Amino acid sequence: MSTQLIDKDLELKQRWNILFNSFEQSLNGHKFTPMHGMRQSSMKIMEEMSFPTLRDEDWKYTAVARILNNKYVLPSRENSLAADLVPHFGSNLDTYKLVFYNGYFRKDLSSDLPLISGLTVCTFDEAMNDAISRDLIDKHHHQWVGRQDQIFLHLSTSFSKDNIFIYVPSGVHMEKPIHIVHMTSATDEALMVSPQTLIIAERGSSSRFIETYETVGTDATQPVFINALTRIVLNENACVDHFKVQDINPDCFIIHQLDTDQKRDSRFMAFTADLGARIARNEVSAHLKASNTYTQLYGITVGTKDQHTDNLSFIDHAQPRCESREMYKAVLADQSRGVFTGKVMVRPDAQKTNAFQQNNTLLISPKARMDTKPQLEIFADDVKCSHGATIGQLDKESLFYLMSRGLSHKEAASLLQFAFVAEVLDHLSFPEFEQEIAKSIHDHFNQSGTL
Amino acid sequence: MLSIKNLHVSIDNQSILNGINLEVKPGEVHAIMGPNGSGKSTLANVIAGREEYEITAGTMTYKGEDLSAMDINERALEGIFLSFQYPVEIPGVSTSNFMKHIINAGRKHKGLEELDAMQMLKFLREKVKSVGMDESMLKRSLNEGFSGGEKKRNEVLQMAVLEPSLAILDETDSGLDIDALKTVADGVNQLRNLERSFIVVTHYQRLLNYIVPDFVHVLYKGRIVKTGDRHLAVELEAKGYDWIKEEADGVSA
Ligand SMILES: Nc1ncnc2c1ncn2[C@@H]1O[C@H](COP(=O)(O)OP(=O)(O)OP(=O)(O)O)[C@@H](O)[C@H]1O
Ligand SMILES: [Mg+2]
């Protein structure tokens, strides 16, 4: 690193330290909890690390300086009027809602939970009163965090507050999804919000989760930086679908890490729609730790204006007979940029692996740009793996055909673009959600100059 | 209705239409015949507004307006319809969704209210039946995996729905069995009235037994080299194009 960069890094760390100290002061009586021990240890780990630059292979196309250069403060717990906090996405969906505002859990705005014996939904702080929950959090969150090497995860952990813990007991089939709503609003100071979620899906359970990020209130003057973690542990034969919709203001930032461990026979599906944000970075890691698991990762990006959306996925096939499927599609307009990195590791023991990956992009304007990078490392011989990446433009013949029937260029383009991304939606098996997300996608098509 | 004067069109600097003159009056049916590659589809596409073609000379006016100043969709909304020789397959856009969009675009242009889901379904079902198609094709992606005949019926369906003032059928009859051919002809004849005009591009006189043209033009090397009535089509069917080519090449030589 050049001395300039080192200075920059030191300056940043000092800033985080100051922020951390004031955060600690505000905690008063909660300073000696396991949760705070974890924050302190993450803070320490961070000191040994530096923030990624374009020279780091995994961050080759995404510069984080724009995110880090702001002087962030932590939001305070405030009780904004419920009437001002109406989420835009998914209010029509029949779900249990867990509402967070600026990182703080708002029980007053959340749904009553179903009376399912053994189902636990609470904050980490609340979970400390229960030995079983406390142990699970310690094992699957605190200890796990301690082994990770992503600096943004430790930054998130250091400043996390109302982390949520969800435990789906063995054999339970949850009919209604749980919808975790993260609303933030910008103020005249740059805000950093660090939401974290831990979901344990017990043996044979099945459950669906929707996680949405949106900004409310429009007179934002300073950015919000959301630095989030969702960790999901699927025990034997568990089935979890996770749907994420990110639609924050185009001057805000989000880094989201989704990490799963999959035990034998479990099935996991994750979908992410990235519609907003100035810079959005998603990291999904699926660790297939036992045989016969099924993993599906899907993503849709709609980029307009200066948006930058970076999807990195990592599927670790460590055991035999696991299958993974990935399909990420992007429609990029204006000067927007997209990045896709698809890492698949097939370890020597992972015979009979099926791993399929697909990344397709439509560039709608000459200034839009996509960088796509499949990275398959295969150390077993009896496997079926494939990857395909395409970057194309709207088909002229199709546009002419549609316009010759009376559709404006915009309508015709929007139909074609939607058809392009809709192939992803076809895999979600959740019609009500698909309808909602279709609406949001169309809204974003309408927001660009060139779409 | 449509007046084309001295139209020259080229693509990639290669001249394809070399001075077309064509007057189509309301209520008239014009057939355009001619050997492969003579420029029939080019003419049809230029009228519909395809942008790859460069108009190097000449004028086209439609209902008194300069066509070249109108966008593709404007032409459609003002009543120009092209039945494609090769309809485009559009995966992911269902036929019903497509129909819904084009019907409502047309209604909006006319200042009518959009049809709601129920009205739309009812309307579409009737029209689909009228062109002898199976309702199930509404659910399929537009033209994707359709047989040749299904694609052409689908073009006729769109024509029936949009009720154009000037319909251009580019080989809508090619490769059709007699049932499908009759459907195409019925589609045209049902719309035929004193206000509407048709340009029917075809290689086969057979269609013209069902759609009786007022004029038959022969296009050759980007020019209309002969114009006659329906009997010209019968003659072409019997004798082929060689005599026309000789005549035309002799004149230009
Ligand atoms: N997009 C294009 N690029 C280059 N040349 C073209 C293009 N479209 C048409 N042409 C050429 O223009 C000429 C006329 O083509 P056109 O399709 O209009 O003929 P046509 O009379 O419709 O023939 P057919 O009876 O086979 O349908 C041909 O020589 C063709 O190769
Ligand atoms: Mg042709």
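Residues numbered from 1 in each chain as written. Chains lettered and ligands numbered in written order. Predicted model: local features only at pLDDT ≥ 70, side-chain atom pairs only at ≥ 80, totals over all residues. Heavy atoms only, no water.

Engineer: I'm lost on the overall build of chain A in this one. Help?
Structural biologist: In terms of regular secondary structure, chain A is built from nine helices and 21 strands. Scaling as 2.2 N^0.38, a compact globule of 451 residues should have a C-alpha radius of gyration of about 22 Å, and chain A matches this with 21 Å. If you line up chain A on its principal axes, its C-alpha atoms span 70 × 50 × 50 Å. Residues counted as buried form 61% of the 451 residues belonging to chain A. When contacts within chain A are restricted to residue pairs at least 6 apart in sequence, those whose partners lie at least 24 apart make up 85%. Counting every atom, chain A has about 17900 Å² of accessible surface; 48% of that belongs to carbon and sulfur. (Helix = DSSP H or I, 4+ residues; strand = E, 2+ residues; numbered from the N terminus. Rg over C-alpha atoms; globule rule 2.2 N^0.38 Å. Buried < 20%, exposed > 50% of the residue type's maximum accessible area, 1.4 Å probe, protein only. Contact = heavy atoms within 4.5 Å. Areas by Shrake-Rupley, 256 points an atom, 1.4 Å probe, with all protein chains shown as cover.)

Engineer: Looking at this structure, I do not really get the interface of chain A and chain B. What am I missing?
Structural biologist: For interface size, the figure often reported is the accessible area lost on association. Between chain A and chain B, the contact holds 16 residues from the first and 31 residues from the second. Across the interface of chain A and chain B, roughly 1900 Å² is buried in total on both sides, 71% from carbon and sulfur atoms. Looking at the side of chain A facing chain B, the largest losses of area belong to Phe-400, Tyr-401 and Arg-405 of chain A, adding up to 42% of the total buried there. In this structure, the connection of chain A to chain B is made through two salt bridges. At the junction of chain A with chain B, the criterion picks out seven residue pairs in polar contact (both at pLDDT 80 or more). Sorting the residues of the side of chain A that touches chain B by element identifies α7 (396-403) and α8 (409-425) of chain A as the ones contributing at least two each. Per-element tally for the side of chain A that touches chain B: the top contributor is α7 of chain A, with six residues. When its residues are assigned to classes, the side of chain A that touches chain B shows eight nonpolar, four polar and four charged. (Buried area = accessible area lost by both parts, 1.4 Å probe. Salt bridge = Lys/Arg side-chain N within 4 Å of Asp/Glu carboxyl O. Polar contact = N/O pair within 3.5 Å; in protein donor to acceptor, adjacent residues only side chain to side chain. Nonpolar A, V, L, I, M, F, W, Y, C, P; charged D, E, K, R; others polar.)

Engineer: I keep staring at the pairing of strand β1 (residues 2-11) of chain B and nothing clicks. Help me out?
Structural biologist: Regular strands have side chains that alternate between both faces of the sheet. Residues and elements named next belong to chain B. Of the strand pairs in this sheet, β1 and strand β4 (residues 54-62) are connected by seven bridges, and their pairing is antiparallel. Within the sheet, the bridge partner assigned to Ser-10 lies in β4 and is Glu-54. Adjacent in sequence and paired antiparallel, β1 and strand β2 (residues 14-24) are bridged by two residues, among which Asp-12 carries a positive phi angle near 50 degrees. (Pairing = 2+ DSSP bridges.)

Engineer: What am I meant to see in the site of ligand 1 here?
Structural biologist: All names here are of chain B. Close to ligand 1 lie 14 residues; Gly-37, Lys-40, Ser-41, Thr-42 and His-203 are nearest. The separation between an oxygen atom of ligand 1 and a polar main-chain atom of Gly-37 is 2.9 Å. Between ligand 1 and Glu-171, the relevant distance is 3.3 Å, taken from an oxygen atom to a side-chain nitrogen or oxygen of the residue. Across the complex, the protein chains shield 64% of the 630 Å² of accessible surface that ligand 1 would expose by itself. Per-element tally for the shell around ligand 1: the top contributor is helix α1 (residues 40-48), with three residues. Residue composition of the shell around ligand 1, by class: four nonpolar, eight polar and two charged. (Near = heavy atom within 4 Å.)

Engineer: In this structure, what is going on with the coordination of the magnesium ion (ligand 2)? I would like to understand it.
Structural biologist: Four donors placed tetrahedrally around a metal ideally meet at 109.5 degrees, and six donors placed octahedrally ideally meet at 90 or 180 degrees. Bound to the magnesium ion (ligand 2) are the protein donor atoms Ser-41 of chain B (OG) and Gln-85 of chain B (OE1), situated 1.9 to 2.2 Å from the metal. Residue Ser-41 of chain B is located in helix α1, and its partner Gln-85 of chain B is located in the loop between β6 (80-83) and β7 (90-94); the two are separated by 44 residues in the primary sequence. (Donors = N, O, S within 2.8 Å, 3.2 Å for Na, K, Ca; no water.)

Engineer: Which parts of the structure should I look at to understand the pairing of strand β11 (residues 239-247) of chain A?
Structural biologist: Residue and element names in this part refer to chain A. By the criterion of burial, β11 is predominantly enclosed, with nine of the nine residues buried. Going residue by residue along β11, you find Cys-239, Asp-241, Phe-243, Val-245 and Asp-247 tucked away on one face and Val-240, His-242, Lys-244 and Gln-246 tucked away on the opposite face as well. Pairing of strand β9 (residues 206-215) with β11, which is carried by nine bridges, proceeds in the parallel orientation. Its bridge partner being in β11, Glu-214 is matched across the sheet by Asp-247. The pairing of β11 with strand β13 (residues 267-274) spans eight bridges and is classified as parallel. Its bridge partner being in β13, Val-245 is matched across the sheet by Ala-273.

Engineer: Mind showing me how you'd approach the environment of Ile-178 of chain B here?
Structural biologist: Residues and elements named next belong to chain B. Assignment of secondary structure puts Ile-178 in helix α6 (residues 178-191). Classification of Ile-178 as partly exposed rests on a relative accessible area of 39%. Spatially, the C-alpha atom of Ile-178 lies 9.6 Å from that of Leu-207, the residues being 29 residues apart in sequence.

Engineer: Is there a simple way to explain the nonpolar core in this structure?
Structural biologist: The tendency in soluble globular proteins is for nonpolar side chains to be buried side by side. Residues Phe-271, Phe-433 and Ile-437 of chain A together with Leu-2, Ile-47 and Leu-166 of chain B are the most contacted members of the largest nonpolar core, which totals 109 residues. A per-element tally of this core places α8 of chain A first, with eleven residues. With sequence-adjacent residues up to four places away left out, Phe-271 of chain A is seen in contact with His-242, Phe-243, Lys-244, Tyr-298, Gly-299, Ile-300, Val-424, Leu-425, Leu-428, Phe-433 and Ile-437 of chain A. (Core = buried A, V, L, I, M, F, W, Y, C linked by side-chain atoms within 4.5 Å.)

Engineer: I tried to follow the sheet that holds β13 of chain A on my own but got confused; where do I start?
Structural biologist: Strands belonging to one sheet form pairs held by backbone hydrogen bonds; the direction of such a pair is parallel or antiparallel. All names here are of chain A. The strand order β3-β2-β6-β9-β11-β13-β15-β17-β19-β21 describes an open sheet built from ten strands, whose pairing is mixed. Pairing within the sheet leaves two strands with one partner each, and these edge strands are β3 (104-105) and β21 (384-392). Of the strand pairs in this sheet, strand β17 (residues 323-332) and strand β19 (residues 354-363) are connected by ten bridges, and their pairing is parallel. Looking across to β19, one finds that Ser-324 is bridged to Ala-355. In the packing of α8 onto the sheet, the strands contacted are β13, β15 (294-303), β17 and β19, and the crossing angle to β17 comes to about 160 degrees. (Axes fitted to C-alpha atoms, helices over the stretch in contact; angles between N-to-C directions.)

Engineer: Please explain the side chain of Arg-405 of chain A as it appears in this structure.
Structural biologist: As for its placement among the helices and strands, Arg-405 of chain A is situated in the loop between α7 and α8. We classify Arg-405 of chain A as buried; its relative accessible area is 2%. Apart from the residues lying within four places of it in its own chain, the contact partners of Arg-405 of chain A are Ala-76, Phe-81, Leu-82, Ser-83, Phe-84, Phe-98, Ile-102, Glu-155, Gln-158 and Leu-162 of chain B.

Engineer: What is the right way to read the environment of Ile-20 of chain B from this model?
Structural biologist: Residues and elements named next belong to chain B. Mapped onto the elements of the fold, Ile-20 is located in strand β2. Taking C-alpha positions, Ile-20 is 20 Å from Gln-85, a pair spaced 65 residues apart along the chain. When sequence neighbours within four positions are dropped, the list of residues in contact with Ile-20 reads Ile-4, Lys-5, Asn-6, Leu-7, Leu-43, Leu-219, Gly-222, Arg-223 and Ile-224.

Engineer: I'm lost on empty space enclosed by the protein in this one. Help?
Structural biologist: To find leftover empty space, a probe the size of one water molecule is rolled over the atoms. Residue and element names in this part refer to chain A. All told, the structure shown has seven cavities of 30 Å³ or more when counted by the stated rule. Its volume calculated, the largest cavity comes out at about 150 Å³. For the largest cavity, the lining is made up of 17 residues, of which Asn-102, Gly-103, Phe-159, Lys-161 and Ser-194 are closest to its centre. Within the lining of the largest cavity, the residues separate by chemical class into nine nonpolar, six polar and two charged. Of the volumes computed, that of the second largest cavity is approximately 80 Å³. (1 Å grid on protein atoms, 1.4 Å probe; cavity = no way out; pocket = protein on both sides within 12 Å on 5 of 7 lines; lining within 4 Å. Points joined across faces, edges and corners; volume = space filled by probe spheres on them.)

Engineer: I tried to follow the packing of helix α2 (residues 34-47) of chain A against helix α5 (residues 131-147) of chain A on my own but got confused; where do I start?
Structural biologist: How two helices sit against one another is set out by the angle between their axes and by the gap between those axes. Residue and element names in this part refer to chain A. Following both chains from N to C, one finds α2 and α5 inclined at 10 degrees, their axes separated by 10 Å at the closest point. Put simply, α2 runs roughly parallel to α5. For the pair formed by α2 and α5, the contact residues are Pro-34, Met-35, Met-38, Ser-42 and Ile-45 on the first element and His-141, His-142, Val-145 and Gly-146 on the second. Partitioned by chemical class, the residues of the contact of α2 with α5 number five nonpolar, four polar and no charged. (Parallel < 35°, antiparallel > 145°, perpendicular 65-115°, else oblique.)

Engineer: What is the right way to look at the pattern of salt bridges in this model?
Structural biologist: Once the charged atoms of two side chains with opposite charge are near each other, the side chains can pair. Residue and element names in this part refer to chain A. Following the criterion strictly, the structure yields 32 salt bridges over all chains and no others. Ionic pairing is found between Arg-347 and Asp-316, a salt bridge with its closest N-O pair at 2.8 Å. In this pair, Arg-347 sits in the loop between β18 (337-346) and β19 while Asp-316 sits in strand β16 (residues 308-317), placing the two residues 31 residues apart along the sequence. By relative accessible area, Arg-347 is classed as partly exposed at 34%. A relative accessible area of 9% places Asp-316 in the buried class. When salt bridges that share partners are traced, they join Arg-231, Asp-259, Asp-261 and Lys-289 into one network.

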